[in-house]
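Structure assessment
Residue strings, one per chain:
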Amino acid sequence: MSNDYYKSDEFKSILNKYEASREQGESCYLDAEEFADVSDFYLNSGKAAEALEAVNNGIVQHPENDMLKSVKSGILIFMHRYAEAREIVNTLADDANGNDVFYQKAQLVYAYDDDVVTAEEMFREWISLEEKEEIANGGTSTDGYMRESYIHVITSFIELGPNNQYDEEVVKRWIEEYIVTFDPLGNDSVDFLLGDIVREEMLNDMVVKIYTKLLEVDPYMQNGWTVLAMAQSAIGRYTEAVESCDFALAISATDWEAKLTKAYCYYTMGELGLALPLFEESMDKFKDYSLSLPYAYCLISMDRYEEAMIQLGNAYEYAQTLKDVDVEQYVALMCDIGEGGVMCNGFSFGNKVIDEVLQCAPDESRALFTKGTLCVVDNQMEAAMSYYMRSLDMSNDKISQGLNIAMHLILNGSEENGLLLIDECEKASNSGKFRDIIPGCRALAYYKLKRYDEFLDNLKLACVTCPSMLKSFFTGIFPKDLEPEKYYSYFVNHPLENM
């Protein structure tokens, strides 16, 4: 039923008559179609119980009406009362109330019998029946009508999945078929309805496909580029997302969702310098402390530590709002805040934050690791090693965490302990990814220990296995513009400059 009909004086009169009698506890006479319209209105308004009551009242007055029985079974399916619905549809012919009963039988095969294969076959047959009926009724084009049929099938797979879950592969297959069948998208309102469905279900790869098609037809579609950018970002296509944000901002320079999406894309890509002005502008506009953490890390990347500490304080205030709502998110955010404090040399603040995390989650590996680093800074090596080893025990990735701990020990003057831990990691590691960086870690430790022969042996190997990491390991030791692959040959040719 069209929403326009619900706004008409004719329907309002019917609804008022029904609701007035209902309030008085009396029944009023309506014909079967009018009861069906009232029931549909309630269902479309999110009032399933009232819809069921209305159709039951209609069946009392019209007990032999198959159309009303079909309406009732449809409501019961919507309410996931499948056994009751099946009792009704089994008494009705497939073509009762148009082809609705056959469609409901397909829904029940999927939702109640959990038979996806048969359900898909039946849905396809139902679509064919609908198309034939439209043609028989004089329809010259079934395109728009067929789009609606596909939407009904797609929403059935989503809303009626057994145990309130659905197979994304099945849903996406029907969406892909819709895209191919009705290309180009954007000339029918149903296309936008499908866009809303995939956004609501966070099927971001499908959002990207659909909105790309919609924007080909209307490049100035309201919020279209922003929606596309957010979906692209969600599936890791950050460069494309930035481009989409630029299109959105070209249309509206004050599209703050686009600005923030662009900021987070740059942040995730490690382009903190490019993200910084966007976070700065957004924070000035909204004073939203949920932005404070990434904003702080951008400031840290620019060595603006005092400003970063202010933002870390704001992020701390925001984290407190999550403590009793989402403990997992609270712990992760607090770990990030504490680590940021250490990076800014805000050791007192870092200790406060990490101690609060450990009170809440005493086995949190990241917090234990950061606490160990804080103990190293405070020259409490015994306590540091205790926290580091507990962090290692609690870690899900012991090789990676072990090497991380080793590097912190080396960087903070405990090279021998770092080398011992590297040896243990190498024995335990079967992963080329980790074994490749070990020579670089050893090279740094031996350099700091002034054991230059061992340093050179490992540096030569590291120039091959992990050159990209050497630049951060040896900051300030080699010329800034020297390629890391050439560190070994440079040191050999300029030994005295680097000792």
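Residues numbered from 1 in each chain as written. Predicted model: local features only at pLDDT ≥ 70, side-chain atom pairs only at ≥ 80, totals over all residues. Heavy atoms only, no water.

**Re the overall build of the chain**
Assigned secondary structure in the chain consists of 28 helices and zero strands. What you see for the chain is a C-alpha radius of gyration of 32 Å, clearly larger than the 23 Å of a compact globule of 499 residues, by over 25%. C-alpha extents for the chain along the principal axes are approximately 100 × 45 × 45 Å. Looking at the 499 residues of the chain, the share that counts as buried comes to 46%. Expressed as a percentage of contacts within the chain between residues at least 6 apart in sequence, the contacts between residues at least 24 apart total 51%. Surface summary for the chain: the accessible area is close to 25200 Å², and the carbon and sulfur share equals 49%. Placing the 41 positive and 87 negative side-chain charges of the chain at their respective mean positions leaves the two points 7 Å apart. (Helix = DSSP H or I, 4+ residues; strand = E, 2+ residues; numbered from the N terminus. Rg over C-alpha atoms; globule rule 2.2 N^0.38 Å. Buried < 20%, exposed > 50% of the residue type's maximum accessible area, 1.4 Å probe, protein only. Contact = heavy atoms within 4.5 Å. Areas by Shrake-Rupley, 256 points an atom, 1.4 Å probe, with all protein chains shown as cover. Lys, Arg positive; Asp, Glu negative; His and termini not counted. Charge placed at Lys NZ, Arg CZ, Asp CG, Glu CD.)

**Here's the deal with the environment of Met302**
Residue position: Met302 is located in the loop between α17 (292–301) and α18 (305–320). The sequence separation of Met302 and Gly273 amounts to 29 residues, and the corresponding C-alpha distance is 7.2 Å.

**A closer look at the packing of helix α21 (residues 365–377) against helix α22 (residues 381–394)**
For the pair α21 and α22, the least separation of the axes is 8 Å and the interaxial angle reads 165 degrees. Taken as axis vectors, α21 and α22 run roughly antiparallel relative to one another. Our pair here, α21 against α22, has a crossing hand that is left-handed. Contact residues: Ser365, Leu368, Phe369, Lys371, Gly372, Thr373, Cys375 and Val376 in α21; Met381, Ala383, Ala384, Tyr387, Tyr388, Arg390, Ser391 and Met394 in α22. (Axes fitted to C-alpha atoms, helices over the stretch in contact; angles between N-to-C directions. Parallel < 35°, antiparallel > 145°, perpendicular 65-115°, else oblique. Left-handed = near helix turned anticlockwise from the far one by under 90°.)

**Some thoughts on the state of the cysteines**
According to the stated counting rule, one finds zero disulfides in the structure shown. Unpaired in this structure, Cys298 has its nearest cysteine sulfur neighbour in Cys344, at a distance of 12 Å. The class for Cys298 is buried, based on a relative accessible area of 0%. Cys466 takes part in no disulfide bond, and the closest cysteine sulfur, belonging to Cys441, lies 7.1 Å away. Taking relative accessible area as the criterion, Cys466 reaches 3% and is therefore assigned buried. (Disulfide = S-S within 2.5 Å.)

**Considering the environment of Val71**
Relative to the helices and strands, Val71 resides in helix α5 (residues 66–78). Sequence spacing of Val71 and Ala308 is 237 residues, and the spatial spacing of their C-alpha atoms is 61 Å. Those residues in contact with Val71 that sit more than four places away from it in its chain are Ala36, Ser39, Asp40, Val55 and Asn97.

**Observations regarding the nonpolar core**
By size, the foremost hydrophobic cluster in this structure holds 79 residues, and its most contacted members are Val38, Trp174, Ile175 and Ile210. The biggest single contributor to this core is helix α7 (residues 100–111), with eight residues. Look past the residues within four positions of Val38 in its chain and what remains in contact with it is Phe11, Ile14, Leu15, Tyr18, Leu30 and Ala54. One finds Ala296, Tyr297, Leu322 and Val353 within the second-largest nonpolar core, a separate group that totals 43 residues. (Core = buried A, V, L, I, M, F, W, Y, C linked by side-chain atoms within 4.5 Å.)

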